[in-house]
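The lines below spell out each chain.
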Amino acid sequence: MTNVAVILAELEGRRLVRNPIIWLSMIPAVLWAALVDNADDTHFVLTGYGLIFTCFAVTVLVAMAARRSRFNHTGPLLDVLPSGSSTRTVGLGLAGVAPACAALVATTVVWIVVWPSTSLGTSTQTVNSGVDVPRPNFAQFLQGPLAIVVFGALGLVLARWLPGWLIGAALAFPMLIQFLWFGGWHAEGSHAYVWLVPLATGWVTDGWTGACDNTDANCDLALSGFDQTTPWLHLGYLVALATTLIAIAVLRRHRDRRTWMVFGAALASVAVFVVAQWVVYERFELVVAR
């Protein structure tokens, strides 16, 4: 099963990477990197947020690939093959690694365009003005590509478990959550649940000060630092989460002991990383200006 799944993953991965939608979805990341002129936005793009459109594209394309046999009515023919539906599901789940590798190339290009030094500059719109914004570490460099694998696995789960008429709305939901988090990532300050979404910035904040409306010109962000420890645990969390999602997709039609064991181990790993992230994530500390 493993060898066949890898072969299928390679074939489906090539199909994904050859799709022009994947490469078009990476253009905003490169443009964003080329056009940003402040440290805040630069930190965003270097931690993977420029790949948010690629995450959505992979989610949709993997879901469509998983439903391909239903669209062309080849399901009964595929079911008689020695590989079985579970092997095909694993292969589709692993296929997300290919666009993730392509995104890694794009991420590398972005880093070259920005060419970050030890510091990206000083922050803007913060209570303590001129806070140094550090260069994201290697874990944050890998966060965007790994998030693509997670979103691809999520598309696979939705395609396997939901009826066709509901998939469209269901595909939009996870992207809506991540987009909303992008817009309101610091509205309520830093909490442990920040690290439950695939893309996390690592900013340690306590929300905005002031009314933050058109009548208040003094709308600033309370910032005490940048978490560069939790991102390393977050990588393990993303791998465990992707594995869990693939196992859930397999369980739709194949529920043998081995699949349940993989699912249990992956889910336990997710729980361990959730707890670990909650323990080590950096809490906001009020910085008193001198």
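Figured I'd write up the structure that's included with this text.

Some thoughts on the packing of aromatic side chains
The final tally for this structure, using the stated rule, is six aromatic pairs. Each ring, one from Trp-260 and one from Phe-263, has its centre 6.0 Å from the other, and the planes form 80°; the classification is edge-to-face. Linking Trp-260 with Phe-263, this pair stays in helix H12 (residues 257–280), spanning three residues, or about one helical turn. Owing to a relative accessible area of 17%, Phe-263 belongs among the buried residues under this scheme. Here the aromatic residues Phe-44, Tyr-49, Trp-203 and Phe-226 are joined through ring pairs into a cluster of three or more. Just above the ring of Trp-161 sits the side chain of Arg-252; from NZ or CZ to the centre is 5.5 Å.

Quick word on helix H11 (residues 230–250)
Compared with the 30 Å implied by 1.5 Å per residue over 21 residues, the 30 Å span of H11 between its first and last C-alpha is a close match. Most of H11 sits out of view: 16 of its 21 residues are buried.

Comments concerning the nonpolar core
Proteins that are soluble and globular tend to have nonpolar side chains buried together. Within the largest apolar cluster, 60 residues are counted, with the highest numbers of intra-cluster contacts made by Met-26 and Ile-148. If you look at the next biggest cluster of nonpolar residues, it comprises five residues, including Ala-192, Val-194, Trp-195 and Tyr-281.

What about the packing of helix H8 (residues 97–114) against helix H9 (residues 138–161)?
Packed helices, taken two at a time, are described by the angle between their axes plus the distance between the axes. Relative orientation of the contacting elements H8 and H9 amounts to 155°, with a least axis distance of 8 Å. Classified by the angle their axes make, H8 and H9 are roughly antiparallel. Two packed elements cross with a definite hand, and for H8 against H9 that hand is right-handed. Packed against H8, whose contacting residues are Val-97, Pro-99, Ala-100, Ala-103, Leu-104, Thr-107, Thr-108 and Trp-111, the element H9 presents Phe-141, Leu-142, Pro-145, Ile-148 and Val-149 at the interface. Of the residues belonging to the contact of H8 with H9, the class tally is 11 nonpolar, two polar and no charged.

Considerations on a nonpolar patch on the surface
Taken together, Leu-24, Ile-27, Leu-31 and Leu-35 make up a surface patch of nonpolar side chains, about 420 Å² in accessible area. Residue position: Ile-27 is located in helix H2 (residues 20–35).

What about the environment of Pro-231?
Mapped onto the secondary structure, Pro-231 falls in helix H11. Counting along the chain gives 31 residues from Pro-231 to Ala-200, while the straight-line C-alpha distance between them is 8.1 Å. Each residue touching Pro-231, except ones within four places of it in the same chain, is listed here: Asn-137, Ala-139, Gln-140 and Trp-195.

Observations concerning the packing of H9 against H11
Viewed as axis vectors pointing N to C, H9 and H11 meet at an angle of 15°, and their least axial separation amounts to 9 Å. When the axes of H9 and H11 are compared, the pair comes out roughly parallel. Here the hand of the crossing between H9 and H11 comes out left-handed. Per-class residue counts for the contact of H9 with H11 are 23 nonpolar, three polar and one charged.

Some words on the pattern of salt bridges
Inspection of the entire model under this criterion finds two salt bridges. Note that Glu-10 and Arg-14 form a salt bridge whose closest N and O atoms lie 2.6 Å from each other. Here Arg-14 and Glu-10 lie together in helix H1 (residues 2–18), a separation of four residues that amounts to about one turn. By relative accessible area, which is 42% here, Glu-10 ends up partly exposed. With relative accessibility at 45%, the residue Arg-14 sits in the partly exposed group.

Focus on the side chain of Thr-107
Looking at the element boundaries, Thr-107 is found in helix H8. Contacts of Thr-107, omitting those with residues within four sequence positions, involve Leu-51, Phe-141 and Pro-145.

With respect to helix H4 (residues 52–66)
Under the 1.5 Å per step criterion, the end-to-end length of H4 is 21 Å for 15 residues, consistent within 8% with the ideal 21 Å. Of all 15 residues that make up H4, 11 are buried, and the element is covered over most of its length.

What counts as what
- Residues numbered from 1 in each chain as written.
- Predicted model: local features only at pLDDT ≥ 70, side-chain atom pairs only at ≥ 80, totals over all residues.
- Heavy atoms only, no water.
- Phe/Tyr/Trp six-rings, centres within 6.5 Å; stacked < 30°, edge-to-face > 60°.
- Helix = DSSP H or I, 4+ residues; strand = E, 2+ residues; numbered from the N terminus.
- Buried < 20%, exposed > 50% of the residue type's maximum accessible area, 1.4 Å probe, protein only.
- Lys NZ or Arg CZ within 6 Å of the ring centre and 35° of its normal.
- Expected span 1.5 Å × (residues − 1).
- Core = buried A, V, L, I, M, F, W, Y, C linked by side-chain atoms within 4.5 Å.
- Axes fitted to C-alpha atoms, helices over the stretch in contact; angles between N-to-C directions.
- Parallel < 35°, antiparallel > 145°, perpendicular 65-115°, else oblique.
- Left-handed = near helix turned anticlockwise from the far one by under 90°.
- Contact = heavy atoms within 4.5 Å.
- Nonpolar A, V, L, I, M, F, W, Y, C, P; charged D, E, K, R; others polar.
- Patch = residues over 30% accessible without salt bridge, like charges linked within 9 Å, V, L, I, M, F, W, Y side chains within 5 Å.
- Areas by Shrake-Rupley, 256 points an atom, 1.4 Å probe, with all protein chains shown as cover.
- Salt bridge = Lys/Arg side-chain N within 4 Å of Asp/Glu carboxyl O.

Interpretation note: all reported values are geometric properties and have no functional meaning in isolation.
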